[in-house]
Amino acid sequence: MLKYHSLAFIIAATLLLGGCNSPSSNQTDNQSTSDSMSSISSVVFGQLPDGQIVNLYTLRSKSGTEIKITNYGGIITHWTAPDNAGVFEDIVLGYDTLGGYLKDTPYFGAIVGRYGNRIAKGKFTIDGKTYELAINNAPNHLHGGKIGFDKAVWEAKTIDAENALQLSYVSKDGEEGFPGALTCTVLYKLTDEGALEITYTATTDKPTVVNLTNHTYFNLTGEAKNDILGHELTLNADRFLPVDAGLIPTGELRAVQGTPFDFTKSIKIGAGINNVQNEQIKLGGGYDHCWLINRPTQNTDSLVLAAIAHDPGSGRVLEAFTTEPALQFYTGNFLNGGITGKNNTKYEKRCAFCLETQHYPDSPNQPQFPSVVLRPGQTYRTKTVYKLSVKK
Ligand code: BGC
């Protein structure tokens, strides 16, 4: 069963994030507000081959952070955050123009859906009926298929009073093979302190599966100056999911202790990433696995701190809080310098990492995993918060 909005959720969010949940504006936001106020503005980002125009929205926080998001794929294209000297730099990978995202992108910054990560052989069964999905990562289905939510044009609405951008999309019954028309909303809200809160909701008219996430590639050094192997990472997870050669979970929940997957105490991402003596590092080509977030069992839909990443050079710290049970930690192993991104930067192998909060990959075929089935009358609701700070 999926998660529902609850009192526990609200209390936990408020306790964990202090002021982060408070609406960021008793001021009226618009383009002309001063730098010290939160605001949202928008410009045209470009035109799709079918003539549709998509926009680029800029959310600014009182603290000076700027996040740019396009309603094409709900993609976070830019995100500035200060280093320990107060210098703001961009901490996410992407392209300068819409054209880059249309040509080829490994899901830079995008909303991923209807199902984040892989479904084995692109097949699953609900209530005795088997569905066949688009195969776009042979022999498996990945990240929603050939035209996933990352390539959809989302209807956008700015909510100035909350410094938030609301994106909505209705995925048709049968789209990429999934049953049921799925009505989705993703709310991006930038707090005064510069934390990004992402709330995902969805309803369906037929039983279906849902697993939404965001695929931002972070590099806390700023402007992707260096790789991410020197970042220190802590994951609040005692177990991870080993995978097979097609990166499908084998079904085992394995203890991280004594393996290169143990980030329960802060260690450099680079410390164990090349340890190919470890069969799982070898299969993933580095880290491309799902960690099971530790959480108190009675309070399953509260926000918990899942990950902390720290770049000692810049002092930037990124914390990820989520209501989700798991996190796919991916270290950009498939980047190979073939993509030239923002400011003419070549994105080399492991020049970024993703913290994709979600349910487990291939859950539709692994009944022992938490369920991802959504039925008519139910509301899917999950929340993830990315919070930036600096360590002096
Ligand atoms: C997957 C990787 C994949 C990457 C880009 C990650 O979520 O786990 O295997 O290559 O997304 O598609």
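Coordinates for the structure precede this section.
First, a word on scope: everything that follows refers to the structure included in this document.

About the criteria used
- Position numbers for residues start from 1 in each chain and track the written sequence from start to end.
- With the structure being a predicted model, the display of local features is reserved for residues of pLDDT at least 70 and the display and counting of side-chain atom pairs for 80 or more, all residues being used for whole-chain, interface and lining totals.
- Excluding hydrogens and water, the side-chain values take into account all heavy atoms of the structure.
- Put simply, DSSP H or I for four residues or longer makes a helix, DSSP E for two residues or longer makes a strand, and each gets a number counted from the N terminus.
- A radius of gyration in this sense is built from C-alpha atoms; the matching globule rule multiplies 2.2 Å by the number of residues raised to 0.38.
- For this analysis, residues touch if any pair of their heavy atoms sits within 4.5 Å.
- Counted as positive: Lys and Arg. Counted as negative: Asp and Glu. His and the chain ends are not counted at all.
- A charged residue contributes its charge at one atom only: NZ of Lys, CZ of Arg, CG of Asp or CD of Glu.
- Pairing between two strands is assigned when DSSP locates at least 2 bridges connecting them.
- Working definition: rings of Phe, Tyr and Trp (its six-membered ring) pair if their centres are within 6.5 Å, and the pair is stacked with planes under 30 degrees apart, edge-to-face with planes over 60 apart, and tilted otherwise.
- A pocket here means an open set of points on a 1 Å grid, computed over the protein atoms alone, that has protein on both sides within 12 Å along at least five of seven lines. A cavity is instead a set of points where a 1.4 Å probe fits but cannot get out; residues with an atom within 4 Å of a point line either one.
- Grid points are joined across faces, edges and corners, and a volume is the space filled by probe spheres set on the points.
- Residue polarity is assigned by list, with Asp, Glu, Lys and Arg as charged and Ala, Val, Leu, Ile, Met, Phe, Trp, Tyr, Cys and Pro as nonpolar; anything else, Gly included, falls into the polar class.
- Counted as salt bridges are all cases of a side-chain nitrogen of Lys or Arg within 4 Å of a carboxyl oxygen of Asp or Glu.
- Burial here depends on accessible area, computed with a 1.4 Å probe over protein chains only, as a share of the maximum for the residue type. Under 20% is buried, over 50% is exposed, and the range in between is partly exposed.

So, about the overall build of the chain. The number of helices and strands found in the chain is 3 helices and 29 strands. For the chain, whose C-alpha radius of gyration is 20 Å, the value lies close to the compact-globule estimate of 21 Å for 392 residues. Viewed in the frame of its principal axes, the chain has a C-alpha envelope of about 55 × 45 × 45 Å. In the chain, the proportion of contacts linking residues at least 24 apart, taken out of those at least 6 apart, comes to 66%. Distance from the positive charge centre (34 side chains) to the negative charge centre (38 side chains) of the chain: 3 Å.

As a further point, take the sheet that holds strand 19 (residues 254–255). The strands making up a sheet are joined through hydrogen bonds of the backbone, oriented either antiparallel or parallel. Strands sit in the order 19-18-21-24-27 across an open sheet of 5 strands; the sheet is antiparallel. If you trace the sheet from one side to the other, it starts and ends with strand 19 and strand 27 (354–358), each paired once. Judged from the 2 bridges that link them, strand 18 (residues 239–241) and strand 19 form a sheet pairing that is antiparallel. Within strand 19, the position partnered with Arg 239 by the bridge is Ala 255.

Inspection of the sheet shows strand 1 (residues 39–47) paired to strand 2 (residues 53–60) by 8 bridges, in the antiparallel sense. When the sheet's bridge partners are listed, Val 44 is paired in strand 2 with Asn 55. The hairpin turn running from strand 1 into strand 2, its antiparallel successor, is 5 residues long, and Gly 51 in that turn takes a positive phi close to 95°. The pairing of strand 2 with strand 3 (residues 66–70) spans 5 bridges and is classified as antiparallel. Within strand 3, the residue paired with Arg 60 across the bridge is Glu 66. What sits between the antiparallel neighbours strand 2 and strand 3 is a turn of 5 residues, in which Gly 64 has the positive phi angle 105°.

Under the definition given, this model contains 28 aromatic pairs. Here the aromatic residues Trp 79, Phe 218, Phe 240, Phe 261, Phe 263, Tyr 287, Trp 291, Phe 329, Phe 353 and Tyr 386 are joined through ring pairs into a cluster of three or more.

Under the defined criterion, the tally for this structure stands at 2 cavities of 30 Å³ or more. Here the largest cavity is characterised by a volume of approximately 50 Å³. If you trace the largest cavity, you find it lined by Asn 117, Arg 118, Leu 241, Val 243, Leu 247, Pro 249, Asp 288, His 289, Cys 290, Gln 328 and Pro 361. Among the elements that line the lining of the largest cavity, the one with the most residues is strand 21 (residues 288–292), at 3 residues. Residues that form the lining of the largest cavity fall into these classes: 6 nonpolar, 3 polar and 2 charged. Roughly 30 Å³ of internal volume is contained in the second largest cavity.

It is worth spelling out the pattern of salt bridges at this point. Enumeration according to the criterion identifies 12 salt bridges in this entry. Among the salt bridges present, the one from Lys 62 reaches Asp 192, with a minimum N-O distance of 3.8 Å. Pair noted here: Lys 62 is in the loop between strand 2 and strand 3 and Asp 192 is in the loop between strand 13 (182–190) and strand 14 (196–204), with a separation of 130 residues, a long-range link. With a shortest N-O distance of 2.8 Å, Asp 150 and Lys 151 are connected by a salt bridge. Residue classification places Asp 150 among the buried residues on the basis of a relative accessible area of 4%. Sharing partners across several salt bridges, the network here consists of Glu 89, Lys 225 and Arg 316.

In space, the 9 strands of this open sheet follow the order 11-12-13-14-29-23-22-17-20, with antiparallel pairing throughout. Only two strands of the sheet have a single neighbouring strand rather than two, namely strand 11 (155–159) and strand 20 (267–268).

A separate point is the layout of surface pockets. Here the largest pocket is characterised by a volume of approximately 490 Å³. Forming the walls of the largest pocket are 27 residues, and the residues nearest its centre are Thr 105, Pro 106, Tyr 107, Leu 142 and Tyr 217. For the lining of the largest pocket, the elements supplying multiple residues, two or more each, are helix 2 (98–103) and strand 24 (326–330). Ranked by residues supplied to the lining of the largest pocket, first place goes to helix 2 with 3 residues. Grouping the amino acids of the lining of the largest pocket by side-chain chemistry returns 12 nonpolar, 9 polar and 6 charged.

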